[in-house]
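# Structural overview
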Amino acid sequence: MKRKLWKFLSVYAVAGMVVLASCGGGETKKEDDTKTMDLSKGKTVYEVKGTCATCHQPNGEGIEGTFPPLAKSDYLLADKKRAILQTIQGSNVPIVVNGKEYPGGVMGASVSAIKLTDEEVADVVNYILNSWGNNGGMVTAEEVKKTAGI
(Lines give C-alpha, C1' and ligand atoms only; values in the text may rest on other atoms or scores of the structure.)
Protein backbone atom coordinates (compact mmCIF):
# COMPACT_ATOMS: atom_id res chain seq x y z
CA MET A 1 0.00 0.00 0.00
CA LYS A 2 2.80 2.39 0.91
CA ARG A 3 4.55 1.58 -2.36
CA LYS A 4 1.42 2.39 -4.42
CA LEU A 5 0.92 5.62 -2.52
CA TRP A 6 4.57 6.59 -3.06
CA LYS A 7 4.29 5.79 -6.77
CA PHE A 8 1.10 7.85 -7.04
CA LEU A 9 2.63 10.82 -5.26
CA SER A 10 5.79 10.62 -7.37
CA VAL A 11 3.82 10.63 -10.62
CA TYR A 12 1.66 13.48 -9.32
CA ALA A 13 4.73 15.51 -8.33
CA VAL A 14 6.43 14.97 -11.72
CA ALA A 15 3.22 15.90 -13.56
CA GLY A 16 2.94 19.04 -11.46
CA MET A 17 6.54 20.03 -12.25
CA VAL A 18 5.92 19.50 -15.98
CA VAL A 19 2.83 21.71 -15.86
CA LEU A 20 4.68 24.41 -13.92
CA ALA A 21 7.64 24.31 -16.29
CA SER A 22 5.42 24.59 -19.35
CA CYS A 23 3.59 27.56 -17.85
CA GLY A 24 6.70 29.27 -16.65
CA GLY A 25 5.69 28.75 -13.04
CA GLY A 26 8.21 29.90 -10.51
CA GLU A 27 10.06 32.09 -13.03
CA THR A 28 10.08 35.82 -12.59
CA LYS A 29 8.65 37.77 -15.49
CA LYS A 30 11.26 39.41 -17.67
CA GLU A 31 11.26 43.19 -17.74
CA ASP A 32 9.43 44.93 -20.56
CA ASP A 33 11.69 45.32 -23.60
CA THR A 34 11.26 49.09 -23.48
CA LYS A 35 12.86 49.21 -20.04
CA THR A 36 15.96 47.41 -21.21
CA MET A 37 16.36 48.75 -24.75
CA ASP A 38 19.47 50.75 -25.59
CA LEU A 39 18.36 54.19 -26.75
CA SER A 40 21.89 55.52 -27.34
CA LYS A 41 21.88 54.78 -31.09
CA GLY A 42 18.56 56.56 -31.49
CA LYS A 43 19.83 59.52 -29.49
CA THR A 44 22.81 59.80 -31.87
CA VAL A 45 20.52 59.75 -34.90
CA TYR A 46 18.23 62.32 -33.24
CA GLU A 47 21.02 64.69 -32.27
CA VAL A 48 23.51 64.25 -35.12
CA LYS A 49 22.62 62.27 -38.24
CA GLY A 50 18.91 62.98 -38.44
CA THR A 51 19.21 66.61 -37.31
CA CYS A 52 15.89 66.18 -35.47
CA ALA A 53 17.19 68.10 -32.45
CA THR A 54 17.74 71.21 -34.57
CA CYS A 55 13.99 71.80 -34.83
CA HIS A 56 12.47 69.64 -32.10
CA GLN A 57 15.23 70.69 -29.68
CA PRO A 58 17.53 68.41 -27.65
CA ASN A 59 14.88 68.19 -24.91
CA GLY A 60 12.12 67.26 -27.38
CA GLU A 61 10.04 70.34 -26.49
CA GLY A 62 10.10 71.83 -30.00
CA ILE A 63 9.48 75.51 -30.66
CA GLU A 64 5.92 76.60 -30.02
CA GLY A 65 4.02 77.58 -33.14
CA THR A 66 6.73 76.32 -35.50
CA PHE A 67 8.14 72.91 -34.54
CA PRO A 68 5.89 70.58 -32.51
CA PRO A 69 7.05 68.97 -29.30
CA LEU A 70 7.91 65.29 -29.24
CA ALA A 71 8.08 65.24 -25.44
CA LYS A 72 4.73 64.13 -24.02
CA SER A 73 3.16 64.56 -27.45
CA ASP A 74 -0.36 63.19 -27.79
CA TYR A 75 0.00 63.28 -31.58
CA LEU A 76 3.23 61.28 -31.61
CA LEU A 77 2.13 58.66 -29.10
CA ALA A 78 -1.24 58.08 -30.81
CA ASP A 79 0.12 56.26 -33.86
CA LYS A 80 3.48 54.46 -34.17
CA LYS A 81 3.06 53.85 -37.91
CA ARG A 82 2.52 57.55 -38.49
CA ALA A 83 5.61 58.30 -36.38
CA ILE A 84 7.62 55.93 -38.57
CA LEU A 85 6.29 57.42 -41.81
CA GLN A 86 6.89 60.99 -40.70
CA THR A 87 10.42 60.11 -39.65
CA ILE A 88 11.05 58.75 -43.14
CA GLN A 89 9.04 61.16 -45.28
CA GLY A 90 8.44 64.20 -43.12
CA SER A 91 5.07 65.88 -42.95
CA ASN A 92 3.64 68.61 -45.14
CA VAL A 93 0.23 69.06 -43.53
CA PRO A 94 -0.72 71.12 -40.49
CA ILE A 95 -1.06 69.07 -37.32
CA VAL A 96 -2.43 69.62 -33.82
CA VAL A 97 -0.20 68.55 -30.95
CA ASN A 98 -1.36 68.83 -27.35
CA GLY A 99 -4.12 71.21 -28.47
CA LYS A 100 -1.85 73.56 -30.46
CA GLU A 101 -1.67 73.80 -34.25
CA TYR A 102 1.63 73.54 -36.12
CA PRO A 103 2.12 74.38 -39.81
CA GLY A 104 2.92 71.72 -42.36
CA GLY A 105 5.62 71.63 -44.99
CA VAL A 106 8.65 72.38 -42.84
CA MET A 107 9.61 68.80 -41.98
CA GLY A 108 9.16 67.47 -45.51
CA ALA A 109 12.03 69.44 -47.02
CA SER A 110 14.49 68.72 -44.23
CA VAL A 111 13.80 64.99 -43.98
CA SER A 112 13.93 64.24 -47.70
CA ALA A 113 17.64 65.15 -47.77
CA ILE A 114 18.50 62.62 -45.05
CA LYS A 115 18.61 58.92 -45.85
CA LEU A 116 18.29 56.69 -42.81
CA THR A 117 18.44 52.91 -42.81
CA ASP A 118 15.48 50.94 -41.46
CA GLU A 119 17.54 50.24 -38.34
CA GLU A 120 18.33 53.94 -37.85
CA VAL A 121 14.66 54.85 -38.27
CA ALA A 122 13.70 52.23 -35.68
CA ASP A 123 16.43 53.50 -33.34
CA VAL A 124 15.38 57.14 -33.55
CA VAL A 125 11.65 56.37 -33.31
CA ASN A 126 12.32 54.21 -30.23
CA TYR A 127 14.40 57.03 -28.74
CA ILE A 128 11.61 59.54 -29.33
CA LEU A 129 8.86 57.19 -28.12
CA ASN A 130 10.74 56.53 -24.88
CA SER A 131 12.39 59.83 -23.93
CA TRP A 132 11.31 63.00 -22.11
CA GLY A 133 8.54 61.27 -20.17
CA ASN A 134 7.17 59.36 -23.19
CA ASN A 135 6.31 55.69 -22.74
CA GLY A 136 5.40 54.77 -26.30
CA GLY A 137 6.64 51.23 -26.64
CA MET A 138 8.98 50.18 -29.37
CA VAL A 139 9.23 49.49 -33.08
CA THR A 140 11.52 47.15 -35.00
CA ALA A 141 13.44 47.61 -38.23
CA GLU A 142 11.08 45.04 -39.75
CA GLU A 143 8.07 47.21 -38.81
CA VAL A 144 9.83 50.20 -40.36
CA LYS A 145 10.40 48.25 -43.58
CA LYS A 146 6.76 47.13 -43.73
CA THR A 147 5.43 50.59 -42.93
CA ALA A 148 7.70 52.28 -45.47
CA GLY A 149 6.38 49.92 -48.13
CA ILE A 150 2.79 51.05 -47.63
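Treat the numbers as computed from the prediction; the structure is a model and nothing was measured.

Here is what the cut-offs are and how they apply
Residues numbered from 1 in each chain as written. Predicted model: local features only at pLDDT ≥ 70, side-chain atom pairs only at ≥ 80, totals over all residues. Heavy atoms only, no water. Salt bridge = Lys/Arg side-chain N within 4 Å of Asp/Glu carboxyl O. Helix = DSSP H or I, 4+ residues; strand = E, 2+ residues; numbered from the N terminus. Buried < 20%, exposed > 50% of the residue type's maximum accessible area, 1.4 Å probe, protein only. 1 Å grid on protein atoms, 1.4 Å probe; cavity = no way out; pocket = protein on both sides within 12 Å on 5 of 7 lines; lining within 4 Å. Points joined across faces, edges and corners; volume = space filled by probe spheres on them. Nonpolar A, V, L, I, M, F, W, Y, C, P; charged D, E, K, R; others polar. Disulfide = S-S within 2.5 Å. Arc of directions from axis to C-beta.

## Considering the pattern of salt bridges
Evaluated as defined, the whole model comprises two salt bridges. With its nearest N and O atoms 2.9 Å apart, the salt bridge here joins Glu 120 to Lys 49. Here Glu 120 is found in helix α8 (residues 118-129), whereas its partner Lys 49 is found in helix α3 (residues 40-49), with 71 residues between them in sequence. Here Lys 49 falls in the partly exposed class, since its relative accessible area comes to 39%.

## So, the layout of surface pockets
One number sums up the size of the largest pocket: a volume of about 730 Å³. In terms of lining residues, the largest pocket is bounded by 42 residues, among which His 56, Gln 86, Thr 87, Met 107 and Val 111 are the most central. At the level of elements, α4 (52-56), α5 (74-77), α6 (80-89), β1 (95-97), α7 (106-112), α8 and α9 (141-148) are the ones that each hand at least two residues to the lining of the largest pocket. Classifying every residue of the lining of the largest pocket by side-chain character gives 26 nonpolar, twelve polar and four charged.

## Digging into unusual backbone geometry
Despite not being glycine, Lys 72 shows a phi value in the positive range, around 50 degrees. What makes Lys 72 exposed here is its relative accessible area of 58%.

## Examining the state of the cysteines
Counted by the stated rule, this structure contains zero disulfides. Just so you know, Cys 52 is unpaired, no disulfide at all, and the nearest cysteine sulfur is the one on Cys 55, 8.8 Å from it. By relative accessible area, Cys 52 is classed as buried at 18%.

## Some details on α3
Where α3 is concerned, the buried positions are Gly 42, Val 45 and Tyr 46. The buried residues of α3 all sit within an arc of 95 degrees when viewed along its axis, so they share a single face. Across α3 from its buried face, at more than 90 degrees, point the exposed residues Lys 41 and Val 48. Of the residues trailing α3, Thr 51 is marked for its positive phi of about 55 degrees.

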